[in-house]
Amino acid sequence: MAFWQNWYNAQGGAGAASAHFPDGSFLFAPDQEESLAQFIDSALADSSALAEEALDSAVLLGNLRGNVVGLRYYTGVVSKNEMVALQREPRNAHDSNAIRVNNINGDQVGHLRRQLAAALAFILDNKLARIEGLVPYKVNNKFTMPVQLSFWAPEAQRAAVLSHLQQHGLNLAPPTQGAGVWRARAGPSYRAPSHQPVHMTAEQLKSEFDKIFEDIKEDNKTAEMEPAPAVRTALLPHQKQALAWMVTRENNWELPPFWELRGGLYHNLLTNFTQSQRPDSVHGGILADDMGLGKTLSTIALILSNFHGGRPLPVERSTEEGAEVVDKAPVSPPLHTLLVQLEQFEQHMDPGVQLRRCLYYGPNRPRDPDFLSQQHVVLTTYTTLTTEHGVKGVSPLQAVLWLRVVLDEGHTIRNPNTRQTRAALALKAQRRWLLTGTPIQNSLQDLWSLVSFLKLKPFTERQWWHRTIQRPVSLGDEQGLRRLQGLLRNITLRRTKNSQVRGRPVVTLPRRTLCLQHISLCEEERQIYQAIMDEGRSTISRYLREDSMMTHYADVFAILVRLRQLCCHPHLTARTPPAGATTEELRAKLVRKMKMVLSCGVDEECAICLDSLRLPVITHCAHVFCRLCICQVIQQTNARCPMCRAEVRAGQLVECSPGETDSTPAESTRPAWVSSSKVDALMLSLIEIRRQDPNIKSLVVSQFTAFLSLIEIPLRAEGFSFVRFDGSMSRSRRAKTVSSFQSCSPASPTILLLSLRAGGEGLTLTAASRVFLMDPAWNPAAEDQCFDRCHRLGQTRDVIITKFIVKDSVEENMIKIQHRKRDLAIGAFAAKSHSEVTKARVDEIRTLIDL
DNA sequence: ACCGCCGGGTGCC
DNA sequence: ACCGCCGGGTGCC
């Protein structure tokens, strides 16, 4: 119960309403939906009014009694204490105010009485409040039934809601009173919000989340299972546990969590919904082991061990008499497994296994459904899945009923509003698995899409998740927390690096040491740096005075990137295109500048999702966002740029994919090679390492891919054997690079030049035991993930990480900000206003250049 | 009786 | 709906 105790403590400390919560961070800030709500005045379309994003800051205004009428015309049934949903019907031929009432299944129960609907339609249409229904008791009559309506709204809208109701002669019953009555009936939680939403740091949230799993003793998750002979790699004990758990879950025919059989009917304990049809069992779950514990291997073992009908895939071995089939299980199952972004399949498999598998991505993917249906395993990517989703004609992926779908890096479907998530949710499969080391990133909201993917009734609909779990938990309700625990214990398996198996740590990793190596720029470098710094500081202080930092963001951004580049190497600096005279030219100049800066391979964050840029695009006003994020904004009417509030249009977006447009600075006019203080420091270390032990391998990491290109020159000159891995490389090229680096052959390269963000969680580079981080990142988590590529299962040496930081520079200030971000308590559930986020950014920029 | 009262027809939005 | 509401029939005690 430590989870909710801390929860209460945390809220006692934070106290004030979310709007006043101090925040200097756009790093661990709440996730995409909340941020969107702050940036965009109009909420996303949502049938139940009041966008989901605003829900976390909503409070219970009060309750109202009403009636549902017209029951005899509809089939939807409702039992005692059951939740119902309200749905506006503006096109109803009889009454444009019509509000329909549905049960959990989405079946219509009836309508709200006309006079009541006349008062409430306005509130719903203008998203003044969210109105939730609960039918308090079973009625014997076929015509009407009572309904308790609860009004939830942000505090700021309370007055507007109450006065509107007053105009229609309606008064809300105070929440405590109403809530008490319903609680006494042991109904769903309608408990009054006696607590403000709870504030926790993202780190606290994650650690509390992990505590949910610590108490698991009674759960049958410690049984181990031997994998099928087709699995070549030996499994560690915790991986055998994962295998056993996954097989049990796949073959499980128990009722899903929160359902029970009552007098021949199936009853949902959270919503009190009852149905005669048996709800589908959950044949799958979330494997949420920490990065590096071998989720991929466990899953491959699952596929081969629970291949068909609870039996493993046979292995054919050639003996003296000929081929011998070890097991007579059916070789061709009627259904197949779809793997999204799961790699390393081959390396864990016995070569004698007869498994038909195909890769389904790239322009020449085998679209023939007949061919696909002959495969045992189909491997695809999120990009392909998303591309094919929703295009006219049926995508072969969407057409197939899969035996099993596995989403690797499953947290990528965290945002329910992206096409990628919708594409993943639309897959039809009997067994569904989601692999992720970070099931929760920022808030509980992150979990909904993941749970929804498992097709767990009634959580496939957002409002039931919100009403029964997310909101109670965020209000500090103990019952809500128990529900969350119950659910997670049922559908997820999570072990951290600190977990124990059979009394021993799940993994014992070699030591990992981080050392900051401070670099002093040489006289010449310092002069250049200081000149640019002085110029930049005066420009930025002018913007500060004019309060126009955000409209000149591209400029500011370019200055900062330039300074960071100067810390690395003077030749890295992108040159500014010539200034134009008219506003239009100036705008074009800014866009070009942004494009050029991004093309250096710099790692910037998107102001909407607050994560690293994915598929970056530049707006007309020269701000950069993920394509998917800004496209969502553009779908709004009167869409405005979240950074500067200028108008944004889809047609004016400029593509800029860092990988593709990577430009080694001025290839044609490249000056003669000169080193830099940082490069010197790197080379000294590398040469010393080679002298001490030529077998030691190193990762050389930078965010600037152009810097990696520069580093190639001295590496070559000193006779180092190296390879390079960055985002612009094709899938097959990456695979070749990794296997050549990981290989223990004497010809194998000893250095890997690595772009900080390239590759996913699964990128394993355990051959290296030294890491040189050439430049600090905004996001310390990005650095950690990068270090984990070599400091993970399979690493045999102690790992030493060297982080180069130029003294008295923007880099040192970045480190300060990193520390501040780590320490800062930010509201995991708190909403932040546009102005707060902007202010935080401005403050950060001031810190960076000592203003 | 320009009322009251009765009892039948009727019924979401 | 074992209601409310409507509108027609009806009319001292």
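Here is what the cut-offs are and how they apply
Residues numbered from 1 in each chain as written. Chains lettered and ligands numbered in written order. Predicted model: local features only at pLDDT ≥ 70, side-chain atom pairs only at ≥ 80, totals over all residues. Heavy atoms only, no water. UniProt positions renumbered as here; feature names shortened; annotations may be inferred. Core = buried A, V, L, I, M, F, W, Y, C linked by side-chain atoms within 4.5 Å. Buried < 20%, exposed > 50% of the residue type's maximum accessible area, 1.4 Å probe, protein only. Helix = DSSP H or I, 4+ residues; strand = E, 2+ residues; numbered from the N terminus. Domains from an automatic or database assignment. Contact = heavy atoms within 4.5 Å. Buried area = accessible area lost by both parts, 1.4 Å probe. Salt bridge = Lys/Arg side-chain N within 4 Å of Asp/Glu carboxyl O. Pairing = 2+ DSSP bridges. Axes fitted to C-alpha atoms, helices over the stretch in contact; angles between N-to-C directions.

The name given to chain A in an unreviewed UniProt entry is Helicase like transcription factor, with the source organism recorded as Callorhinchus milii. The record held by UniProt for chain A lists under Subcellular location (unreviewed entry) the comment "Nucleus".

K.L.:
Give me the nonpolar core: which residues, what numbers.
P.N.:
Side chains that are nonpolar tend, in soluble globular proteins, to be buried together. One finds Leu-686, Phe-707, Ile-711 and Leu-715 to be the most contacted residues of the largest nonpolar core, which totals 79 residues. When residues of this core are assigned to their parent elements, the largest contribution, twelve residues, is made by helix 17 (residues 553–568). For this core, the domains that each give at least three residues are domain 3 (520–575 + 586–655) and domain 4 (677–831). Look past the residues within four positions of Leu-686 in its chain and what remains in contact with it is Ser-698, Val-700, Leu-715, Phe-720, Ile-751 and Phe-772. Grouped together as the second largest cluster of nonpolar side chains are 45 residues, Leu-372, Ala-424, Leu-456 and Leu-488 included.

K.L.:
Could you give me a rundown of unusual backbone geometry, with the residues and numbers involved?
P.N.:
Between Lys-457 and the following residue, Pro-458, the backbone shows a cis peptide bond with an omega angle of 0 degrees. As for its position among the elements, Pro-458 is in the loop between helix 13 (445–453) and helix 14 (462–474). Of note, the phi angle at Asn-81 is positive, near 65 degrees, even though the residue is not glycine. Turning to its location among the elements, Asn-81 is positioned in the loop between strand 1 (58–69) and strand 2 (82–88).

K.L.:
Which residues make up the domain arrangement of chain A, and what values go with them?
P.N.:
The domains assigned to chain A are domain 1 (55–168), domain 2 (205–310 + 333–502), domain 3 (520–575 + 586–655) and domain 4 (677–831). Measuring from the centre of the C-alpha atoms in domain 3 to the corresponding centre in domain 4 gives 25 Å. Contacts between the two partners involve 24 residues from domain 3, matched on the other side by 23 residues from domain 4. Contact between domain 3 and domain 4 buries roughly 2000 Å² in total, counting both sides, with carbon and sulfur atoms accounting for 58%. Between domain 3 and domain 4 we count zero salt bridges in total.

K.L.:
Just give me the short version of the pairing of strand 7 (residues 259–262), but keep the residues and values in it.
P.N.:
In summary, the side chains of a regular strand alternate between the two faces of the sheet. When strand 7 meets strand 8 (residues 265–268), the two strands line up antiparallel, connected through four bridges. Each bridged residue has a counterpart across the sheet, and for Glu-260 the counterpart in strand 8 is His-267. Turn length for the strand 7-strand 8 hairpin, with the two strands adjacent in sequence and antiparallel, is two residues, and the turn residue Gly-263 shows positive phi of about 55 degrees.

K.L.:
Summarise the sheet that holds strand 7; cite the residues concerned and give the values.
P.N.:
As summarised here, the arrangement of the three strands in space is 7-8-9, forming an open sheet in which the pairing is antiparallel. Two strands lie at the open edges of the sheet, namely strand 7 and strand 9 (274–275), each paired on one side alone.

K.L.:
Give a description of the sheet that holds strand 27 (residues 751–755) that names residues and reports values.
P.N.:
Strand order in the open sheet formed by six strands is 21-29-28-25-27-26, with parallel pairing between adjacent strands. Only two strands of the sheet have a single neighbouring strand rather than two, namely strand 21 (512–519) and strand 26 (722–725). Adjacent strand axes in the sheet meet at a mean angle of 20 degrees, parallel and antiparallel pairs treated alike. Direction of pairing for strand 28 (residues 768–773) relative to strand 29 (residues 799–806): parallel, over a ladder of four bridges. Across the sheet, the residue bridging to Leu-773 is Lys-803, located in strand 29.

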